[in-house]
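Chain by chain, the residues run as shown.
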Amino acid sequence: MCRGGVRQLFSVQPDIEAPRDFDAKRDAKAAAAASQSTALLLVAGHAICASGLLVVNKWALREFPFVWTLTTIQFLFAAFVTYTAGKMGIIHVDSLELGRLLHFFPAAGMFFITITAGNAVVGMSNVDTFIVMRSVVPIPCAILEAVVLKEPYPPPRSWVGLAIVLLGAVGFCLSNQGLLVGSAAWGFLYLALM
């Protein structure tokens, strides 16, 4: 019995758990890499779409200087495309319900006014000024989150990052056309609603 125990103790048996553990680690690393790649792709896609839309809106406002009408047309087109894609089965679209519409109306209304204010800033100034305004937005948001929602203030490294983004945008703006504010009221409205 003692010998059997010693033989079992020193016998080489394949470790079945190690390959599973290795596979799990490999799968976790692959999932993390895929997730990071997806995030980078989404960020790059957003940057391309946002910058393209900014330039298109600047051009559209030169040809059609009615900012409220232009924003309404853009929203109606987006609603039409969403509705059509839902009817074709490409995406799932919830049905419209009056109660839900009324509940979301304040947020949707503020979003519409914010987009209109942004378009007005682009139409009355230059794209560089709008880029600086967008870069300013996270700073009051961080302060308001801490004050109103009782969230912790961002760490110093985050403040340094925000300052670098803001200074980079201002430097870019000053090296091009400079800050041109055609209507400070639209700019303040945009910043307040964002």
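Residues numbered from 1 in each chain as written. Predicted model: local features only at pLDDT ≥ 70, side-chain atom pairs only at ≥ 80, totals over all residues. Heavy atoms only, no water.

(A) Main features of the layout of surface pockets. There is about 1000 Å³ of room inside the largest pocket. Lining the largest pocket are 25 residues, and of these A79, T82, V93, L96 and L101 sit closest to its centre. Counting residues per element, the ones that place at least two in the lining of the largest pocket are α3 (67–87) and α4 (98–124). With 12 residues, α3 is the largest single contributor of residues to the lining of the largest pocket. (1 Å grid on protein atoms, 1.4 Å probe; cavity = no way out; pocket = protein on both sides within 12 Å on 5 of 7 lines; lining within 4 Å. Points joined across faces, edges and corners; volume = space filled by probe spheres on them. Helix = DSSP H or I, 4+ residues; strand = E, 2+ residues; numbered from the N terminus.)

(B) Summary view of α4. For α4, spanning 27 residues, the distance from its first C-alpha to its last is 37 Å, which sits close to the expected 39 Å at 1.5 Å a residue. By the largest-angle criterion, F105 marks the main kink of α4, which is about 50°, and a proline, P106, follows within four residues. Among the residues of α4, G109, F112, T114, T116, A117, G118, N119, A120, V121 and V122 are the ones counted as buried. (Expected span 1.5 Å × (residues − 1). Bend = angle between axes of the 7 residues up to and from the residue. Buried < 20%, exposed > 50% of the residue type's maximum accessible area, 1.4 Å probe, protein only.)

(C) Main features of the packing of α4 against helix α8 (residues 184–193). One way to put it is that α4 packs onto α8 with a least axis distance of 8 Å and a crossing angle of 145°. Where α4 crosses over α8, the handedness of that crossing is left-handed. Contacts from M110, I113, T114, T116, A117, G118, A120, V121 and M124 in α4 reach W186, G187, L189, Y190 and L193 in α8. Counted by class, the contact of α4 with α8 contains 10 nonpolar, four polar and no charged residues. (Axes fitted to C-alpha atoms, helices over the stretch in contact; angles between N-to-C directions. Left-handed = near helix turned anticlockwise from the far one by under 90°. Contact = heavy atoms within 4.5 Å. Nonpolar A, V, L, I, M, F, W, Y, C, P; charged D, E, K, R; others polar.)

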